[in-house]
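Letter by letter, the chains look like this.
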Amino acid sequence: MESFTVSESPLAELIRGRRTINLFQPEPPPLATLLQAIELARWAPNHKHTEPWTFHLIGPQTAERIVDLNAQLVAQAKGAAAGEAKRTRWAAVPGWLAVTCECSDDPLQAEEDYAACCCAIQNLTLHLWDAGIGVKWSTGAVTRDPAFYELLGIDRSERRVIGLLWYGYPASVPEQRRKPVDEIVVELP
Ligand SMILES: Cc1cc2nc3c(=O)[nH]c(=O)nc-3n(C[C@H](O)[C@H](O)[C@H](O)COP(=O)(O)O)c2cc1C
(Lines give C-alpha, C1' and ligand atoms only; values in the text may rest on other atoms or scores of the structure.)
Protein backbone atom coordinates (compact mmCIF):
# COMPACT_ATOMS: atom_id res chain seq x y z
CA MET A 1 0.00 0.00 0.00
CA GLU A 2 1.21 3.50 -0.75
CA SER A 3 2.69 5.23 2.33
CA PHE A 4 0.87 8.19 3.85
CA THR A 5 1.29 10.65 6.70
CA VAL A 6 -0.99 10.12 9.68
CA SER A 7 -3.03 13.28 10.21
CA GLU A 8 -2.27 15.24 13.37
CA SER A 9 -4.91 17.93 12.78
CA PRO A 10 -7.10 18.96 15.75
CA LEU A 11 -10.00 17.03 14.19
CA ALA A 12 -7.81 13.94 13.74
CA GLU A 13 -6.68 14.17 17.37
CA LEU A 14 -10.30 14.50 18.49
CA ILE A 15 -11.45 11.49 16.49
CA ARG A 16 -8.51 9.32 17.49
CA GLY A 17 -8.44 10.44 21.11
CA ARG A 18 -12.13 9.91 21.90
CA ARG A 19 -12.67 6.93 24.16
CA THR A 20 -15.70 5.19 25.59
CA ILE A 21 -15.81 6.20 29.26
CA ASN A 22 -16.92 3.85 32.01
CA LEU A 23 -15.93 5.83 35.10
CA PHE A 24 -17.03 9.40 35.64
CA GLN A 25 -16.46 12.21 38.08
CA PRO A 26 -19.65 12.86 40.08
CA GLU A 27 -20.62 16.35 38.85
CA PRO A 28 -23.02 16.42 35.88
CA PRO A 29 -21.92 18.49 32.85
CA PRO A 30 -24.01 21.55 31.93
CA LEU A 31 -27.22 20.87 30.05
CA ALA A 32 -26.28 23.68 27.63
CA THR A 33 -23.24 21.68 26.44
CA LEU A 34 -25.41 18.63 25.88
CA LEU A 35 -27.89 20.71 23.88
CA GLN A 36 -25.02 22.08 21.78
CA ALA A 37 -24.01 18.47 21.08
CA ILE A 38 -27.57 17.57 20.06
CA GLU A 39 -27.69 20.58 17.77
CA LEU A 40 -24.61 19.16 16.02
CA ALA A 41 -25.88 15.57 16.10
CA ARG A 42 -28.77 16.47 13.77
CA TRP A 43 -26.29 17.50 11.03
CA ALA A 44 -25.42 13.84 10.48
CA PRO A 45 -25.81 12.49 6.94
CA ASN A 46 -29.36 11.24 6.52
CA HIS A 47 -30.68 9.61 3.35
CA LYS A 48 -34.17 10.88 2.41
CA HIS A 49 -33.86 13.56 5.11
CA THR A 50 -36.06 11.60 7.48
CA GLU A 51 -34.41 13.02 10.62
CA PRO A 52 -35.46 9.83 12.43
CA TRP A 53 -33.77 10.61 15.77
CA THR A 54 -35.12 11.74 19.08
CA PHE A 55 -32.85 12.60 22.02
CA HIS A 56 -34.43 11.79 25.36
CA LEU A 57 -32.93 13.87 28.17
CA ILE A 58 -33.17 11.58 31.17
CA GLY A 59 -33.62 13.36 34.51
CA PRO A 60 -32.66 12.00 37.95
CA GLN A 61 -36.02 10.32 38.66
CA THR A 62 -36.07 8.41 35.38
CA ALA A 63 -32.35 7.59 35.74
CA GLU A 64 -33.07 6.08 39.16
CA ARG A 65 -35.80 3.93 37.65
CA ILE A 66 -33.46 2.77 34.88
CA VAL A 67 -30.84 1.90 37.50
CA ASP A 68 -33.49 -0.11 39.40
CA LEU A 69 -34.70 -1.86 36.25
CA ASN A 70 -31.18 -2.78 35.22
CA ALA A 71 -30.29 -4.04 38.72
CA GLN A 72 -33.44 -6.17 38.60
CA LEU A 73 -32.55 -7.63 35.19
CA VAL A 74 -28.97 -8.36 36.24
CA ALA A 75 -30.18 -9.95 39.52
CA GLN A 76 -32.53 -12.21 37.55
CA ALA A 77 -29.75 -13.27 35.18
CA LYS A 78 -26.75 -13.42 37.53
CA GLY A 79 -28.00 -13.31 41.12
CA ALA A 80 -28.70 -10.70 43.81
CA ALA A 81 -25.07 -9.75 44.51
CA ALA A 82 -24.40 -9.03 40.82
CA GLY A 83 -27.61 -6.95 40.68
CA GLU A 84 -26.55 -4.85 43.68
CA ALA A 85 -23.04 -4.36 42.29
CA LYS A 86 -24.56 -3.11 39.04
CA ARG A 87 -26.92 -0.80 40.94
CA THR A 88 -23.99 0.82 42.77
CA ARG A 89 -22.03 1.28 39.55
CA TRP A 90 -24.95 2.67 37.55
CA ALA A 91 -26.11 4.95 40.37
CA ALA A 92 -22.77 6.78 40.09
CA VAL A 93 -23.37 7.83 36.47
CA PRO A 94 -23.83 11.63 36.34
CA GLY A 95 -25.56 12.10 32.95
CA TRP A 96 -28.12 10.07 31.04
CA LEU A 97 -29.46 10.33 27.51
CA ALA A 98 -31.29 7.90 25.24
CA VAL A 99 -31.37 8.10 21.45
CA THR A 100 -34.29 6.54 19.61
CA CYS A 101 -35.07 6.11 15.93
CA GLU A 102 -38.39 6.22 14.17
CA CYS A 103 -39.43 2.74 12.98
CA SER A 104 -40.09 2.09 9.31
CA ASP A 105 -41.94 -0.76 7.60
CA ASP A 106 -39.45 -0.48 4.75
CA PRO A 107 -36.35 -2.52 5.76
CA LEU A 108 -34.00 -0.37 3.65
CA GLN A 109 -35.38 2.82 5.17
CA ALA A 110 -35.08 1.30 8.66
CA GLU A 111 -31.43 0.40 8.01
CA GLU A 112 -30.60 3.81 6.60
CA ASP A 113 -32.35 5.53 9.50
CA TYR A 114 -30.40 3.40 11.99
CA ALA A 115 -27.16 4.33 10.21
CA ALA A 116 -28.07 8.02 10.33
CA CYS A 117 -28.78 7.77 14.07
CA CYS A 118 -25.37 6.17 14.60
CA CYS A 119 -23.72 9.03 12.69
CA ALA A 120 -25.69 11.49 14.84
CA ILE A 121 -24.46 9.82 18.02
CA GLN A 122 -20.88 10.07 16.79
CA ASN A 123 -21.33 13.80 16.07
CA LEU A 124 -22.73 14.28 19.56
CA THR A 125 -20.00 12.21 21.18
CA LEU A 126 -17.18 14.03 19.39
CA HIS A 127 -18.55 17.43 20.38
CA LEU A 128 -18.83 16.35 24.01
CA TRP A 129 -15.32 14.89 23.93
CA ASP A 130 -14.05 18.21 22.58
CA ALA A 131 -15.69 19.84 25.63
CA GLY A 132 -13.93 17.40 28.00
CA ILE A 133 -17.01 15.21 28.43
CA GLY A 134 -16.88 11.45 27.92
CA VAL A 135 -19.69 9.19 26.73
CA LYS A 136 -20.51 5.53 26.97
CA TRP A 137 -22.93 4.21 24.34
CA SER A 138 -24.72 1.17 25.70
CA THR A 139 -26.98 -1.34 23.98
CA GLY A 140 -27.23 -3.64 26.98
CA ALA A 141 -30.25 -5.85 27.68
CA VAL A 142 -32.00 -3.08 29.61
CA THR A 143 -32.30 -1.02 26.41
CA ARG A 144 -34.38 -3.79 24.82
CA ASP A 145 -36.63 -4.40 27.82
CA PRO A 146 -40.30 -3.38 27.42
CA ALA A 147 -40.10 -1.57 30.79
CA PHE A 148 -37.31 0.64 29.39
CA TYR A 149 -39.58 1.70 26.53
CA GLU A 150 -42.26 2.50 29.11
CA LEU A 151 -39.81 4.60 31.11
CA LEU A 152 -38.98 6.59 27.97
CA GLY A 153 -42.67 6.90 27.19
CA ILE A 154 -42.32 5.41 23.70
CA ASP A 155 -44.20 2.72 21.82
CA ARG A 156 -41.85 0.08 20.38
CA SER A 157 -43.98 -0.19 17.24
CA GLU A 158 -43.13 3.47 16.58
CA ARG A 159 -39.60 3.99 17.90
CA ARG A 160 -36.52 1.86 18.47
CA VAL A 161 -33.87 2.49 21.10
CA ILE A 162 -30.49 3.01 19.39
CA GLY A 163 -28.52 3.61 22.53
CA LEU A 164 -28.50 4.57 26.14
CA LEU A 165 -25.73 7.12 26.53
CA TRP A 166 -23.96 7.91 29.77
CA TYR A 167 -22.05 11.16 29.83
CA GLY A 168 -19.87 13.02 32.29
CA TYR A 169 -16.36 14.18 33.01
CA PRO A 170 -14.07 11.14 32.77
CA ALA A 171 -12.52 9.78 35.96
CA SER A 172 -10.22 7.65 33.82
CA VAL A 173 -9.65 7.23 30.11
CA PRO A 174 -8.97 3.69 28.88
CA GLU A 175 -6.57 2.88 26.05
CA GLN A 176 -7.73 1.27 22.84
CA ARG A 177 -6.03 -0.08 19.77
CA ARG A 178 -7.08 -0.33 16.14
CA LYS A 179 -5.87 -2.56 13.34
CA PRO A 180 -3.24 -1.02 11.05
CA VAL A 181 -4.65 0.71 7.98
CA ASP A 182 -3.05 -1.78 5.58
CA GLU A 183 -5.09 -4.56 7.22
CA ILE A 184 -8.40 -2.84 6.56
CA VAL A 185 -7.82 -1.52 3.07
CA VAL A 186 -8.46 -3.47 -0.11
CA GLU A 187 -7.12 -1.86 -3.25
CA LEU A 188 -8.91 -2.47 -6.54
CA PRO A 189 -7.62 -1.61 -9.98
C1 LIG B 1 -23.61 0.36 18.71
C2 LIG B 1 -22.70 0.31 19.91
C3 LIG B 1 -23.13 -0.34 21.05
C4 LIG B 1 -22.32 -0.39 22.19
N5 LIG B 1 -22.77 -1.03 23.31
C6 LIG B 1 -21.97 -1.13 24.38
C7 LIG B 1 -22.44 -1.80 25.54
O8 LIG B 1 -23.58 -2.26 25.62
N9 LIG B 1 -21.60 -1.90 26.59
C10 LIG B 1 -20.33 -1.37 26.54
O11 LIG B 1 -19.60 -1.51 27.53
N12 LIG B 1 -19.87 -0.69 25.47
C13 LIG B 1 -20.66 -0.56 24.39
N14 LIG B 1 -20.23 0.12 23.29
C15 LIG B 1 -18.92 0.78 23.31
C16 LIG B 1 -17.84 -0.12 22.73
O17 LIG B 1 -17.59 -1.17 23.61
C18 LIG B 1 -16.58 0.73 22.48
O19 LIG B 1 -16.86 1.65 21.46
C20 LIG B 1 -15.39 -0.15 22.10
O21 LIG B 1 -14.93 -0.86 23.21
C22 LIG B 1 -14.24 0.67 21.52
O23 LIG B 1 -13.80 1.63 22.48
P24 LIG B 1 -13.71 3.18 22.12
O25 LIG B 1 -15.13 3.67 21.91
O26 LIG B 1 -13.07 3.81 23.32
O27 LIG B 1 -12.90 3.33 20.89
C28 LIG B 1 -21.03 0.22 22.15
C29 LIG B 1 -20.61 0.87 20.99
C30 LIG B 1 -21.43 0.93 19.89
C31 LIG B 1 -20.96 1.66 18.65
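Residue positions are counted from 1 within each chain, in the order its sequence is given. Only residues with pLDDT of at least 70 get local features here, since the model is predicted, and only at 80 or more are side-chain atom pairs given and counted; chain-wide, interface and lining totals rely on the full set of residues.

**Student:** Please clarify how the site of the ligand should be interpreted in this entry.
**Tutor:** Placing a C-beta atom from the backbone of each residue, we mark the residue near a molecule or strand if the atom is within 6 Å of it. Arg 19, Thr 20, Trp 137, Ser 138, Thr 139, Gly 140 and Gln 176 make up every residue found near the ligand. When residue character is reported, Ala, Val, Leu, Ile, Met, Phe, Trp, Tyr, Cys and Pro are called nonpolar, Asp, Glu, Lys and Arg charged, and the others, Gly included, polar. Among the residues making up the shell around the ligand, the classes are represented as one nonpolar, five polar and one charged.

**Student:** Explanation requested: the environment of Gly 59 in the structure shown.
**Tutor:** Mapped onto the fold, Gly 59 is located in the loop between strand 1 (53–58) and helix 3 (60–78). C-alpha of Gly 59 to C-alpha of Leu 97: the two residues are 38 residues apart in sequence and 8.7 Å apart in space. Secondary structure elements follow DSSP: runs of H or I no shorter than four residues count as helices, runs of E no shorter than two count as strands, and numbering proceeds from the N terminus.

**Student:** Whenever I open this one, the pairing of strand 4 (residues 159–168) confuses me. Can you help?
**Tutor:** On a regular strand, each side chain points to the face opposite its neighbour's, so the side chains alternate between the two faces of the sheet. Counting other C-beta atoms within 10 Å of each residue's C-beta, where C-beta atoms are placed from the backbone, gives the exposure class: buried for 20 or more, exposed for 12 or fewer, partly exposed between. Within strand 4, 10 of the 10 residues are buried, which leaves it mostly tucked inside the rest of the structure. Examined bridge by bridge, strand 2 (residues 95–102) and strand 4 share eight bridges and lie antiparallel to one another. Bridge assignment links Trp 96 to a residue of strand 4, and that residue is Trp 166. Here five bridges tie strand 3 (residues 134–138) to strand 4, and the two strands are oriented antiparallel to one another. Looking at strand 4, one finds that Ser 138 is bridged to Leu 164. Strand pairing is assigned whenever DSSP detects at least two bridges linking the two strands.

**Student:** Can you walk me through the nonpolar core in this structure?
**Tutor:** The tendency in soluble globular proteins is for nonpolar side chains to be buried side by side. A set of buried residues qualifies as a nonpolar core if it consists of Ala, Val, Leu, Ile, Met, Phe, Trp, Tyr and Cys joined through C-beta atoms within 7 Å. Counting 38 residues, the largest nonpolar core has Leu 97, Val 99, Cys 117 and Tyr 167 as the members making the most contacts within it. Where this core is concerned, the elements lending two or more residues are helix 2 (31–41), strand 1, helix 3, strand 2, helix 5 (107–130), helix 6 (146–152) and strand 4. The element that contributes the greatest number of residues to this core is helix 5, accounting for seven residues. The contact criterion used here is simple: two residues whose C-beta atoms, placed from the backbone, lie within 7 Å are in contact. If we skip the residues at most four places from it in the chain, Val 99 touches Trp 53, Phe 55, Cys 117, Ile 121, Ile 162, Gly 163 and Leu 165.

**Student:** Where do I start with the packing of helix 2 against helix 5 in this structure?
**Tutor:** In helix packing, the relevant descriptors are the interaxial angle and the interaxial distance, both defined with respect to the helix axes. Under this scheme, a helix contributes an axis fitted over its contacting stretch, all axes are lines through C-alpha atoms, and angles between N-to-C directions fall in the 0 to 180 degree range. Relative to each other, helix 2 and helix 5 sit at 140 degrees, their axes nearing to 8 Å. Relative to helix 5, the element helix 2 is oriented oblique. Considering only the axes of helix 2 and helix 5, their crossing is right-handed. Contact residues: Thr 33, Gln 36, Ala 37, Ile 38, Leu 40 and Ala 41 in helix 2; Ala 120, Ile 121, Asn 123, Leu 124, His 127 and Leu 128 in helix 5. In the contact of helix 2 with helix 5, the residues fall into eight nonpolar, four polar and no charged. If an angle is under 35 degrees, it is roughly parallel; if it is over 145, roughly antiparallel; if it lies from 65 to 115, roughly perpendicular; otherwise it is oblique. Two helices cross in a left-handed way if the nearer one is turned anticlockwise from the farther one by less than a right angle. They cross in a right-handed way if the turn is clockwise.

**Student:** Just to check I follow, could you spell out unusual backbone geometry for this structure?
**Tutor:** Peptide bonds are mostly trans, and most non-glycine residues show a negative phi. Not every positive phi belongs to a glycine, and His 49 is a case in point at roughly 55 degrees. Take His 49: it is sitting in the loop between helix 2 and strand 1. The residue Glu 51 is not glycine, and still its phi comes out positive at about 40 degrees. Tracing the backbone through its elements, the reader meets Glu 51 in the loop between helix 2 and strand 1. You can call Glu 51 partly exposed: it has 14 C-beta atoms within 10 Å.

**Student:** Would you take a moment to explain the packing of helix 3 against helix 4 (residues 80–91) for this structure?
**Tutor:** At a minimum axis separation of 7 Å, helix 3 and helix 4 run at an interaxial angle of 155 degrees. Considered as vectors, helix 3 and helix 4 are oriented roughly antiparallel to each other. When the axes of helix 3 and helix 4 are compared, the crossing they make is right-handed. Contact residues: Val 67, Asn 70, Ala 71, Gln 72, Val 74, Ala 75 and Lys 78 in helix 3; Ala 80, Ala 82, Gly 83, Glu 84, Lys 86, Arg 87, Trp 90 and Ala 91 in helix 4. Of the residues assigned to the contact of helix 3 with helix 4, the class counts are eight nonpolar, three polar and four charged.

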